[in-house]
Amino acid sequence: MELKVLQNNEISGDAYDAMPYASYPYPETNPLLLQGLAGLYGLNPASPSKARILEIGCAEGMNIIGMAALFPHAECVGIDMSARQIETAKRHAATLALTNVKLEAISLSDIPQRWGQFDYIIAHGMLSWVAPSIQEKLMEMCGQRLAPQGVAYISFNALPGWHMVRMVRDMMLFHAEGAPSPEAKAACARDILQRITAMTGQRGTAYSTFLQSEQDTIKNKPDAYLLHDHLEENNHAFYLNDFVKLANAHGLAYVADTDLTTQGKVNPPPEILPLLSATQDRVRQEQYIDFITSRRFRSALVCRVDAPPRTEIPLEILRHMHVLSHFKVDAGQNGAKVLNVPGKLAMNASDADMAALIEQLDKKSGQSMPLAPFIDALPIAGQKAFMEKVMMLMFAGGFTLLQEPMQHCSALSQRPVAFPLARYQASVQEWAMSQRMEVRPLNMMERAALCNMDGYHDLVQIVEAVKPYAPGKSESDIAALLPELMQKLARDGLVAG
Ligand SMILES: C[S@@+](CC[C@H](N)C(=O)[O-])C[C@H]1O[C@@H](n2cnc3c(N)ncnc32)[C@H](O)[C@@H]1O
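In this text the structure is predicted, and so the values were computed from the model without any measurement.

Undergrad: Talk me through the overall build of the chain; I want residue IDs and the actual numbers.
TA: A tally of helices and strands in the chain yields 18 helices and 15 strands. A compact globule built from 497 residues would reach a C-alpha radius of gyration of about 23 Å, and the chain, at 24 Å, matches this within 12%. The C-alpha extent of the chain, read off along each of the three principal axes, is 70 × 65 × 60 Å. Here the chain holds 497 residues, and the buried ones make up 39% of them.

Undergrad: Lay out the pairing of strand β2 (residues 75-79) with the relevant residues and their values.
TA: Working note: regular strand, side chains alternate between the two faces of the sheet. Of all the five residues making up β2, four are buried; the element is thus mostly covered by neighbouring parts of the structure. Two strands pair when backbone bridges link them, and strand β1 (residues 52-56) and β2 are joined in this way by five bridges, in the parallel orientation. In the strand pairing of β2, Arg52 is matched with Glu75. Following the backbone out of β1, through helix α2 (residues 62-70) and into the adjacent parallel β2, one traces a crossover that is right-handed. Looking at chain direction, β2 and strand β3 (residues 101-104) are connected through four bridges and run parallel. In the sheet register, Gly78 faces β3, and the bridge partner there is Leu103.

Undergrad: Provide a residue-level description of the site of the ligand, including the pertinent values.
TA: What surrounds the ligand is a group of 17 residues, the closest being Gly57, Ala59, Ser107, Leu108 and Gly125. Residue composition of the shell around the ligand, by class: nine nonpolar, seven polar and one charged.

Undergrad: Run through the domain arrangement of the chain, naming residues and quoting values.
TA: Assigned domains within the chain: domain 1 (1-15 + 408-497), domain 2 (31-159 + 237-304), domain 3 (161-228) and domain 4 (322-402). Facing the eight residues of domain 2 at the interface are five residues of domain 3. Tallied by class, the residues present in the side of domain 2 that touches domain 3 amount to four nonpolar, two polar and two charged.

Undergrad: Please give an account of the pairing of β1 that cites residues and values.
TA: In terms of burial, β1 is largely enclosed, as four of its five residues are buried. As paired elements, β1 and strand β4 (residues 118-123) share three bridges and run parallel to each other. Residue pairing for β4: Leu54 is matched across the bridge by Ile121.

Undergrad: Account for the nonpolar core, with residues named and values stated.
TA: Within the largest apolar cluster, 126 residues are counted, with the highest numbers of intra-cluster contacts made by Ile121, Ala123, Val151, Val302 and Leu450. The element best represented in this core is α2, accounting for seven residues. Those residues in contact with Ala123 that sit more than four places away from it in its chain are Ile56, Gly57, Leu138, Ala152, Tyr153 and Ile154.

Undergrad: Tell me what's going on with the packing of helix α5 (residues 161-176) against helix α6 (residues 182-200), and back it up with residues and numbers.
TA: Running from amino to carboxyl end, α5 crosses α6 at an angle of 120°, the nearest separation of the two axes being 8 Å. In terms of orientation, α5 and α6 fall into the oblique class. Considering the relative orientation of α5 and α6, their crossing is right-handed. Only Lys185, Cys188, Ala189, Ile192, Leu193 and Ile196 of α6 make contact with α5, whose side of the interface consists of Val168, Met171, Met172, His175 and Ala176. In terms of residue class, the contact of α5 with α6 is built from nine nonpolar, one polar and one charged.

Undergrad: So what about the sheet that holds strand β7 (residues 297-304)? Which residues, and what values?
TA: The mixed open sheet is built from seven strands, whose spatial order is β3-β2-β1-β4-β5-β7-β6. If you trace the sheet from one side to the other, it starts and ends with β3 and β6 (252-257), each paired once. Averaged over all neighbouring strand pairs, the angle between strand axes comes to 20°, with direction disregarded. In this structure, strand β5 (residues 146-157) lies alongside β7, joined through seven bridges in antiparallel fashion. Along β7, the bridge assignment pairs Ile154 with Ala300.

Undergrad: Help me get a handle on the sheet that holds strand β11 (residues 345-348), residues and values and all.
TA: Read from one edge to the other, the open sheet built from three strands follows the order β9-β10-β11, with strand pairing classed as antiparallel. Two strands close off the open sheet at either side, each with one partner strand: β9 (328-331) and β11. Put simply, the sheet's adjacent strands are angled 25° from each other on average, direction ignored. In the sheet, strand β10 (residues 337-341) pairs with β11 via four bridges, with the strands oriented antiparallel. In the sheet register, Val341 faces β11, and the bridge partner there is Leu345.

Undergrad: Tell me about the environment of Gly382, and please be specific about residues and values.
TA: Inspection of the secondary structure assignment puts Gly382 in helix α14 (residues 380-395). Sequence-wise, Gly382 and Lys344 are 38 residues apart; in three dimensions their C-alpha atoms are separated by 27 Å.

Rules used throughout
Residues numbered from 1 in each chain as written. Predicted model: local features only at pLDDT ≥ 70, side-chain atom pairs only at ≥ 80, totals over all residues. Helix = DSSP H or I, 4+ residues; strand = E, 2+ residues; numbered from the N terminus. Rg over C-alpha atoms; globule rule 2.2 N^0.38 Å. Buried ≥ 20, exposed ≤ 12 C-beta atoms within 10 Å, placed from the backbone. Pairing = 2+ DSSP bridges. Right-handed = clockwise from strand over helix to strand, strands pointing away. Near = placed C-beta within 6 Å. Nonpolar A, V, L, I, M, F, W, Y, C, P; charged D, E, K, R; others polar. Domains from an automatic or database assignment. Contact = placed C-beta atoms within 7 Å. Core = buried A, V, L, I, M, F, W, Y, C linked by C-beta atoms within 7 Å. Axes fitted to C-alpha atoms, helices over the stretch in contact; angles between N-to-C directions. Parallel < 35°, antiparallel > 145°, perpendicular 65-115°, else oblique. Left-handed = near helix turned anticlockwise from the far one by under 90°.

As structure tokens, then:
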């Protein structure tokens, strides 16, 4: 649905019709995060604010365009073989008047030499979904085109987890053979999985449990996901060990997975400890962890072999870093606070220093804080233990460490201004990218408000603009609701001023 936008709002909605399928930002590819991870391992890629960033297989460009909008002085380049997708991406970039993003419909094998080297190369959803010859080209290109301290993010379907998904893929492809259209193919694929799951469901076997979980996974995914993941003609999963060998063969070294929990450093099962301590090779250790967790997806960071990552992260580096929290702070029983990272970890607030850090970060709503003031405020004797705990919580998925702050505006001015990309996206779709590169779903009132947060309209005018999208609510109801609604948009990183 296209929204009515008040005068003075220069955003047009002409890209709306041309979105045949979804293209999203991926927060894990945010160069600020990649820079932070690289920094932990002793690398020093350029600041994202002025970096050269290349995305391979950028599809309709929502990820690389998001980066260009976030870092106006960075030089962003997105390539994809699909001319149609690049046309759409170019329309988005043109509507946003972005001058720092170049979008080209070419193959990664044809990137001209004159484009030079890049500080960040992103290849999300590429490696597993192209032919082996293109996989080699992708790695070769990263080896040749990374700046000396640059890093490449390469995600892929992983083994052993994908061995099980392959059973589902095979039955889907078998059943969907000859389907007359992509939609029919997806429908056949869903149908067979549903039938087989229903038929095996009563048995309570490992097989039936897996089929049920796979059905749950794909149930709410769009056809495009199913077609381009489970059913894609090229679908090659890698053991981490083999991925690293491929990278090494092209002059690349493995830095780490962007999900540090994959290292299994926190509370590994006791039975695995002898295997982990029998080797100093981190790739081997992570491979054992993948066997335990049946890992099916990885997002690896690699760098040039001539500037290899260090093997251990020195504790003292934490004094120079900024911290982002993934904890939610909830009230537990008896009023005691509970600190949770949904799906990853839960802890009570018994460590007062750590609880204070987490609670302060919670108030910053997704923005980072420098660690040094926290560390320096502690008695010298307690600083090491505190830093060790921060490091442990980072490996458990509770914190992300950055070399540069991740901040966004959280105070609204009299005539508020939305983050321009979010304002544009609100005018054409039901979600917008936050300044943390997250997808933030939007309801109609939020969309109408964002569209009109253009620096021209004050609260009274925005109330008027929102009114048609708040059926059953009076002007005074909306006037009462709107400040909190806009504050929430600001907290969620959608506001620039
Ligand atoms: C599975 S999609 C992933 C798109 C996007 N990166 C994402 O994760 O949403 C793979 C993309 O790679 C593109 N692609 C495939 N082979 C390519 C090549 N040789 N050079 C450039 N792009 C390619 C496809 O057109 C497609 O858009």
